[in-house]
Amino acid sequence: MVYHLKVAVDLPELPEVEAFKFYIEQSLLQEIKELDVRDRRFFVTSIKDFRKKLIGNLFESVDRRGKFLIVNLQLYSLKLIFHFGMTGNLSYIKTGTPEEKYVRIIFLFNNGYELRLIDQRRFGKLYLVESVSQVKTIRNMGPEPLEIGEKEFLEICDNHARRTAKSLLMDQSIIAGIGNMYSDEILYQADIRPDTKVMNLTRDEKTRILNKTKEILRKVIKADADLNKLKDFLLLYRKRGAKCPRCGGEVEILKMSNRTSYYCPRCQS
Ligand SMILES: [Zn+2]
């Protein structure tokens, strides 16, 4: 069996990290016999410590928080936390299978399989901690979008009324797991321009944003983050001059706080 790179997207967000869980799930309860490190910069603490605590250990279960993957280890009550940065990816594959490009770290298991951490641009991080709150971004993280109720979301909007709709969705300390790509998608499907100030949204529009957030994230998770399965999504049209899949108008670009937003001026007003 080959478990192999189904997710191929830059800047992994909540649905991609949810799909990465799959690779870890394949490796659960297999003893780690070796750690092959080709790049040390991923380790937040000493590599010696990682080796000591990981070799002989087992992945017991896996969770996700925002864009982080949290692997509970069987020994030492430790958690191994993955952050995938800009181009992080995983594959779980039989040892000896030809390698993908940019493999940085390999966890070799006793069953003859290995988990490869692949990362072209190397902004990914690996933490080994006793508690998730030791990772600052997680400690300060807002609620999981799939768990936010309407009342809570309206409060969030009130507390950040001066922000734009786009920056509200993207700020990890306000709502977890959503980045540039899915915030564009949510606002596209909710028919709201990304630069609309939260204070200028009606109550209906706010509710629509929340509902679309949940609907889109669930759909992408269900599609295993395979964007080609998502018809009528803006996701596939994030390039200059592309045509809006709903109205055929031209997709335009908006620069906001160093981020490029894609939107359809006809559908989103
Ligand atoms: Zn349109």
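Scoring rules and cut-offs
- Residues numbered from 1 in each chain as written.
- Predicted model: local features only at pLDDT ≥ 70, side-chain atom pairs only at ≥ 80, totals over all residues.
- Helix = DSSP H or I, 4+ residues; strand = E, 2+ residues; numbered from the N terminus.
- Rg over C-alpha atoms; globule rule 2.2 N^0.38 Å.
- Buried ≥ 20, exposed ≤ 12 C-beta atoms within 10 Å, placed from the backbone.
- Contact = placed C-beta atoms within 7 Å.
- Pairing = 2+ DSSP bridges.
- Axes fitted to C-alpha atoms, helices over the stretch in contact; angles between N-to-C directions.
- Parallel < 35°, antiparallel > 145°, perpendicular 65-115°, else oblique.
- Left-handed = near helix turned anticlockwise from the far one by under 90°.
- Nonpolar A, V, L, I, M, F, W, Y, C, P; charged D, E, K, R; others polar.
- Domains from an automatic or database assignment.

Chemist: In this structure, what is going on with the overall build of the protein? I would like to understand it.
Modeler: Tallying secondary structure elements over the protein gives 7 helices and 10 strands in all. Relative to a compact globule of 269 residues, whose C-alpha radius of gyration would be 18 Å, the protein shows 20 Å and is just as compact. Referenced to the eigenvectors of the C-alpha coordinate spread, the extents of the protein come out at roughly 55 × 35 × 30 Å. Burial status across the protein gives 36% buried among its 269 residues. Taking contacts inside the protein between residues at least 6 apart in sequence as the whole, the part at least 24 apart equals 64%.

Chemist: I would appreciate a short explanation of the sheet that holds strand β1 (residues 32-37) in the present structure.
Modeler: Strand pairing in a sheet relies on backbone hydrogen bonds, with the paired strands running either antiparallel or parallel. Judged by pairing direction, the sheet is antiparallel, and its 4 strands sit side by side in the order β1-β6-β7-β5 without closing on themselves. Only two strands of the sheet have a single neighbouring strand rather than two, namely β1 and β5 (88-94). Here the strands of the sheet are splayed against their neighbours by 15 degrees on average, with no regard to which way each runs. One ladder, built from 7 bridges, connects β5 with strand β7 (residues 113-119); its direction is antiparallel. Directly across from Ile93, in β7, lies its bridge partner Glu114. Taken strand by strand, helix α1 (residues 14-26) contacts β5 and β7, and its axis lies near 30 degrees from that of β5.

Chemist: Can you walk me through the sheet that holds strand β4 (residues 79-83) in this structure?
Modeler: Taken in spatial order, the 4 strands of this open sheet run β2-β3-β4-β8, and their pairing is antiparallel. Strands at the two margins of the open sheet, each flanked by one partner only, are β2 (59-65) and β8 (125-129). The mean inter-strand angle of the sheet, taken between neighbouring strand axes irrespective of direction, is 20 degrees. In the sheet, β4 pairs with β8 via 5 bridges, with the strands oriented antiparallel. Pairing of Ile81 across the sheet is with Tyr127, part of β8.

Chemist: How do you make sense of the pairing of β7 when you look at a structure like this?
Modeler: Both faces of the sheet carry side chains from a regular strand, because those side chains alternate between them. Along β7, 6 of the 7 residues are buried, which leaves the element largely enclosed by surrounding structure. Judged from the 5 bridges that link them, strand β6 (residues 103-109) and β7 form a sheet pairing that is antiparallel. What sits directly across from Ile106, in β7, is Arg116.

Chemist: Is there a simple way to think about the packing of helix α6 (residues 180-189) against helix α7 (residues 203-222) in this case?
Modeler: How two helices sit against one another is set out by the angle between their axes and by the gap between those axes. Running from amino to carboxyl end, α6 crosses α7 at an angle of 125 degrees, the nearest separation of the two axes being 9 Å. In this view, α6 runs oblique relative to α7, as classed from their interaxial angle. The two elements α6 and α7 cross, and the hand of that crossing is right-handed. Each of Tyr182, Glu185, Ile186 and Gln189 in α6 lies in contact with α7, whose residues at this interface are Ile209, Lys212, Thr213 and Ile216. Taken together, the residues of the contact of α6 with α7 sort by class into 4 nonpolar, 2 polar and 2 charged.

Chemist: I would appreciate a short explanation of the environment of Glu152 in the present structure.
Modeler: Checked against the element boundaries, Glu152 lands in helix α4 (residues 150-159). A residue is classified by how many C-beta atoms lie within 10 Å of it, and Glu152, with 12 of them, is exposed. Once the C-alpha coordinates of Glu152 and Arg104 are considered, the two residues, 48 residues apart in sequence, prove to be 40 Å apart.

Chemist: How should unusual backbone geometry be read in this particular structure?
Modeler: Glycine aside, residues mostly have negative phi angles, and peptide bonds mostly take the trans form. The phi dihedral of Arg122 falls on the positive side, at around 60 degrees, and the residue is not glycine. Positionally, Arg122 belongs in the loop between β7 and β8. Phi is positive for Asp191, which is not a glycine, with a value near 60 degrees. Mapping Asp191 onto the fold places it in the loop between α6 and α7.

Chemist: Help me understand the domain arrangement of the protein in this model?
Modeler: The extent of an interface is frequently quoted as the accessible surface area lost upon association of the parts. Per the domain assignment, the segments making up the protein are domain 1 (14-139) and domain 2 (145-263). Computed from C-alpha atoms alone, the centre-to-centre distance between domain 1 and domain 2 is 29 Å. Across the boundary between the two partners, domain 1 contributes 9 residues, which contact 9 residues of domain 2.

Chemist: Any chance you could explain the packing of α4 against α7 here in plain terms?
Modeler: Packing of α4 against α7 leaves a shortest axis separation of 10 Å and a crossing angle of 115 degrees. As α4 packs across α7, the resulting crossing turns out to be right-handed. Facing α4, whose interface residues are Glu150, Phe153, Leu154 and Cys157, α7 presents Lys206, Thr207 and Leu210. Here the contact of α4 with α7 is built from residues that sort into 4 nonpolar, 1 polar and 2 charged.

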